[in-house]
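Each chain is listed here by its residues.
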Amino acid sequence: MLFKWIKANKKIGDEEFDKIYPDTLRSKADTHFTPIQVSKTAARLLAPGSDVKVLDIGAGVGKFCTIGSVCSKGYFVGVEQRKGLCTIARGVCERYKLNNVEFIHSNITDIPFEEYNAFYFFNPFMENICPREKINNEVELRKELYQEYSAYVREQLAQMPKGTQLVTYYSYLMEVPPNYALKRSLFDNKLKVWERV
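As the structure is a prediction and not an experimental result, all values here were calculated from the model.

What counts, and at which threshold
Residues numbered from 1 in each chain as written. Predicted model: local features only at pLDDT ≥ 70, side-chain atom pairs only at ≥ 80, totals over all residues. Heavy atoms only, no water. 1 Å grid on protein atoms, 1.4 Å probe; cavity = no way out; pocket = protein on both sides within 12 Å on 5 of 7 lines; lining within 4 Å. Points joined across faces, edges and corners; volume = space filled by probe spheres on them. Helix = DSSP H or I, 4+ residues; strand = E, 2+ residues; numbered from the N terminus. Nonpolar A, V, L, I, M, F, W, Y, C, P; charged D, E, K, R; others polar. Phe/Tyr/Trp six-rings, centres within 6.5 Å; stacked < 30°, edge-to-face > 60°. Buried < 20%, exposed > 50% of the residue type's maximum accessible area, 1.4 Å probe, protein only. Salt bridge = Lys/Arg side-chain N within 4 Å of Asp/Glu carboxyl O.

Visitor: Where do I start with the layout of surface pockets in this structure?
Guide: Once rolled over the atoms, a probe with the size of a water molecule shows which space is left empty. Considered as a void within the structure, the largest pocket measures approximately 690 Å³ in volume. In terms of lining residues, the largest pocket is bounded by 39 residues, among which H32, F122, N123, P124 and F125 are the most central. Elements represented by at least two residues in the lining of the largest pocket include exactly helix 4 (29-32), strand 1 (53-57), helix 6 (63-71) and strand 2 (75-80). Of the residues assigned to the lining of the largest pocket, the class counts are 20 nonpolar, 12 polar and seven charged.

Given below as structure tokens:
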């Protein structure tokens, strides 16, 4: 029912929606889950057509991807290094019979970007420099990993063809290469839309 409401553009609050996730994770929602309205806006900007395959870098429990899969025409793939979160995201897809979405349990440095043509980035590496914001103890966190992961994303994005779309939300922009131009800023400049030029 929740995803039908989102698809039909009915109002539903994040607090109500987030009840589909375990209690232990809901307390992290404000920091780590993309809000519904931001998810809908970003998904529609990234995937206006069915030929778009969006990679969510650090998908967590998959909130952005699952919402994107029902409110846009694109195909959404979330990569998440925490097996537990990936399992939760897959469970939501199965329970709500969601199509156009999948989750990969992997580190971002093992993902080739050329398989995708649009990207979503909600500061997935921040825990490495702000350990008080960590989700759980399932993965190692180190400051050096913030630099390593950001550099990998920046290098991969830089090699993408012209016209590639990137949306960042609450980001220090370390991952945005210089060959991407800012096209729009929304939600008090927290959501930024970029294009490879």
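Having seen the model, we can carry on.
Visitor: Where do I start with the packing of aromatic side chains in this structure?
Guide: Centre-to-centre distance and the angle between the planes together describe a pair of aromatic rings. One pass over the full model with this rule turns up 14 aromatic pairs. Arranged with centres 6.4 Å apart and planes meeting at 65°, the rings of Y116 and F119 form a pair that is edge-to-face. When sorted by exposure, Y116 lands in the same class as F119, which is buried. Between F125 and Y149 the ring centres are 5.2 Å apart and the planes differ by 55°, which places this aromatic pair in the tilted class. Of this pair, F125 sits in the loop between strand 4 (118-121) and helix 8 (143-158) while Y149 sits in helix 8, and the two are 24 residues apart along the sequence. What makes F125 buried here is its relative accessible area of 5%. Among the residues examined, Y149 registers a relative accessible area of 7% and is labelled buried.

Visitor: Could you clarify how one ought to interpret the pattern of salt bridges in this entry?
Guide: For side chains bearing opposite charge, pairing can occur when the charged atoms are close. If you walk through the whole model with that rule in mind, you get seven salt bridges. In this structure, the salt-bridge partner of R26 is D23, at a minimum N-O distance of 2.2 Å. One end of the pair is R26 and the other is D23, both in helix 3 (residues 23-26) and three residues apart, which spans about a single turn. A salt bridge links E140 to R142; the nearest nitrogen and oxygen atoms lie 2.7 Å apart. When salt bridges with common partners are traced through the structure, they connect D14, D18 and K63 into a single cluster.

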